[in-house]
Amino acid sequence: MKKRMIVAANWKMNKNLSEAIEFLEKLNFHIDENDSQSSVIIFPPFIGLESLAGKFNSNNFYLGSQNFYYEESGAFTGEVSISMLEHIGIDYAIIGHSERRSLFYENDNLINKKIRSCLASSINPILCIGESLEQRDSSLTENTLKNQLKSGLKNIDALKLDKLMIAYEPIWAIGTGKTATVDQIYSTHQQIKGILNELFNDESHDLPILYGGSVNDKNAKEIGMIDNVNGFLIGGASLKIETFCEIIDLCNFN
Ligand code: 13P
C-alpha cells in the first residue's frame with residue numbers, strides 16, 4: 001500500500017522551552033539517521049513556537065499552533081493573532097479541539113470565524129471534530145459530526161478546501177487509552193467524507209482526514225493501514241521522543 005501519512009504531535013500544555021528544544025534536537029538527529037516518508041507537524045505550546053520555527057532538518061517537518069484568535073490585533077488580552085503566527089513562519093493551526101470546546105467554551109460560531117480567518121491566511125487549519133461516548137451510544141455520531149462540520153465550515157469558499165484537514169477525534173478516546181476500533185474509524189471517516197461531499201458538491205474528495213485518540217506505537221501501524229486514514233493527531237504518545245519517532249517510522253507505507 002502506498003500512501004503518505006501526516007503525523008501531527010499536539011503537545012497540549014506540556015514541555016517548557018528547554019524541553020521543546022531538547023525534543024527538537026533529538027528529532028533532528030532522528031531525521032538525519034532515518035528517511036521519513038511522512039509529513040510531520042509539531043504543535044508546541046505558544047512559548048516554544050518561535051524557537052522551533054525553521055529549525056527542522058527536513059522540509060517535510062512543519063510547525064503548528066494549538067490556538068490563535070481570529071481578530072487581526074487589538075484589545076484581546078491573552079490572545080495571539082494569525083498574522084503574528086504567520087510572521088514567525090507557522091504552517092498549521094488546530095481549530096475546534098474538544099478540549100477548547102469543553103474547557104474554554106469555544107462554540108461553533110467562534111470555530112467558524114477561526115476557520116475563515118485561517119483560510120484567508122497562509123496558515124493551514126486542522127478542524128477537529130468528534131462525538132462524546134453518550135452521543136456514540138445513542139447512535140448520534142454521524143449527526144454530531146455533521147453539525148460540527150456544517151457550522152464549522154459555514155460560508156467557506158470551496159476553492160480554499162485544499163488548505164484544510166479534518167481531525168476525527170472521538171472525545172471518549174482522547175487521553176483515555178481507549179482507541180476506536182478499526183471498523184469504527186473506517187466507517188466514521190467514510191461518514192465524514194460523505195458529509196463533506198454533500199456540503200461541497202463532491203469537491204472535497206481529497207481532503208485529508210486524520211485520526212486522533214490514544215494513538216501510540218502499539219496501534220499506529222494497524223490504524224495507519226486503514227484506507228481512509230491519512231494521518232494522526234497524537235497527544236500523549238507524542239511527548240516522548242522515542243515513542244514519537246517510532247510512530248513516524250511505522251508510518252512509512254511507501
Ligand atoms: P491522546 O493521543 O493523548 O489521546 O490525545 C489526542 C488528542 O487530543 C490530539 O489532539
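Residues numbered from 1 in each chain as written. Predicted model: local features only at pLDDT ≥ 70, side-chain atom pairs only at ≥ 80, totals over all residues. Heavy atoms only, no water.

K.L.:
Can you lay out the pattern of salt bridges for me, pointing to particular residues and giving the numbers?
P.N.:
This model, assessed by the stated rule, comprises eight salt bridges. Between Lys114 and Glu106 there is a salt bridge, with its nearest N and O atoms 3.0 Å apart. Across the pair, Glu106 and Lys114 agree in class, each one buried. (Salt bridge = Lys/Arg side-chain N within 4 Å of Asp/Glu carboxyl O. Buried < 20%, exposed > 50% of the residue type's maximum accessible area, 1.4 Å probe, protein only.)

K.L.:
Describe in detail unusual backbone geometry, supporting the description with residues and values.
P.N.:
If you check the backbone angles, Lys15 has positive phi at about 80° while not being a glycine. In this fold, Lys15 is placed in the loop between strand 1 (6–10) and helix 1 (17–33). One non-glycine residue, Tyr105, lies in the positive phi region at around 55°. Among the structural elements, Tyr105 can be located in the loop between helix 4 (98–103) and helix 5 (108–119). (Helix = DSSP H or I, 4+ residues; strand = E, 2+ residues; numbered from the N terminus.)

K.L.:
Could you give an account of the site of the ligand, naming the residues involved and the relevant values?
P.N.:
Around the ligand, 13 residues are found, and the nearest of them are Lys12, His97, Gly175, Ser214 and Gly236. Take Gly235: an N or O atom from its main chain is 2.9 Å from an oxygen atom of the ligand. The contact in question runs from an oxygen atom of the ligand to an N or O atom on the backbone of Gly236, over 2.8 Å. Burial of the ligand by the protein amounts to 95% of the accessible area it has alone, namely 300 Å². Here the residues of the shell around the ligand sort into four nonpolar, seven polar and two charged. (Near = heavy atom within 4 Å. Polar contact = N/O pair within 3.5 Å; in protein donor to acceptor, adjacent residues only side chain to side chain. Areas by Shrake-Rupley, 256 points an atom, 1.4 Å probe, with all protein chains shown as cover. Nonpolar A, V, L, I, M, F, W, Y, C, P; charged D, E, K, R; others polar.)

K.L.:
Tell me about the sheet that holds strand 4 (residues 92–95), residues and numbers included.
P.N.:
The eight strands lie next to each other as 1-2-3-4-5-6-7-8, forming a closed barrel whose pairing is parallel. Strand after strand, the sheet turns through a mean of 25° between neighbouring axes, direction not considered. Across the sheet, helix 7 (residues 141–152) lies against strand 5 (124–129) and strand 6 (165–168), angled at about 150° from strand 5, the strand it touches most. Where helix 10 (residues 241–250) meets the sheet, its contacts fall on strand 1, strand 2 (39–43), strand 3 (61–65) and strand 8 (231–234), and the angle it forms with strand 1 comes to roughly 160°. (Pairing = 2+ DSSP bridges. Axes fitted to C-alpha atoms, helices over the stretch in contact; angles between N-to-C directions. Contact = heavy atoms within 4.5 Å.)

K.L.:
Outline the packing of aromatic side chains, supporting the account with residue identities and numerical values.
P.N.:
Enumeration according to the criterion identifies seven aromatic pairs in this entry. Summarising the aromatic geometry, the rings of Trp11 and Phe23 are spaced 4.7 Å apart at their centres and angled 75° between planes, so their arrangement reads as edge-to-face. Separated by 12 residues along the polypeptide, Trp11 in the loop between strand 1 and helix 1 and Phe23 in helix 1 bring together distant segments of the chain. Just as Trp11 is buried, Phe23 falls in that class too. Positioned above the aromatic ring of Trp11, the side-chain terminus of Lys15 is 5.3 Å from the ring centre. In this arrangement the basic side chain of Arg100 is found over the ring face of Phe104, its NZ or CZ atom lying 4.3 Å from the centre. (Phe/Tyr/Trp six-rings, centres within 6.5 Å; stacked < 30°, edge-to-face > 60°. Lys NZ or Arg CZ within 6 Å of the ring centre and 35° of its normal.)

K.L.:
Pulling in residues and values, what's your account of the packing of helix 1 against helix 10?
P.N.:
At a minimum axis distance of 10 Å, the contact between helix 1 and helix 10 shows a crossing angle of 35°. Where helix 1 crosses over helix 10, the two elements pack in a sense that is right-handed. When helix 1 is examined against helix 10, the residues Phe23, Lys26, Leu27 and His30 are found in contact with a partner set consisting of Ile241, Phe244, Cys245, Ile248 and Asp249. When its residues are assigned to classes, the contact of helix 1 with helix 10 shows six nonpolar, one polar and two charged. (Left-handed = near helix turned anticlockwise from the far one by under 90°.)

K.L.:
Break down the nonpolar core for me, with residues and values.
P.N.:
Core analysis: the biggest nonpolar cluster contains 65 residues, and Leu27, Ile42, Ile166, Phe232 and Phe244 have the highest contact counts within it. With six residues, helix 10 is the single largest residue contributor to this core. Ile6, Ile126, Met165 and Leu210 belong to the second-largest nonpolar core, a separate cluster that totals 12 residues. (Core = buried A, V, L, I, M, F, W, Y, C linked by side-chain atoms within 4.5 Å.)

K.L.:
So what's going on with the pairing of strand 4? Residues and values would help.
P.N.:
Residues Tyr92 and Ile94 point to one face of strand 4 and Ala93 and Ile95 to the other, with burial holding for every one of them. Of the pairings in the sheet, the one linking strand 3 to strand 4 comprises two bridges and is parallel in character. By the bridge assignment, Ser65 is partnered in strand 4 with Ala93. Once the chain exits strand 3 it traverses helix 3 (residues 82–87) before rejoining the sheet at strand 4, and the crossover so formed is right-handed. (Right-handed = clockwise from strand over helix to strand, strands pointing away.)

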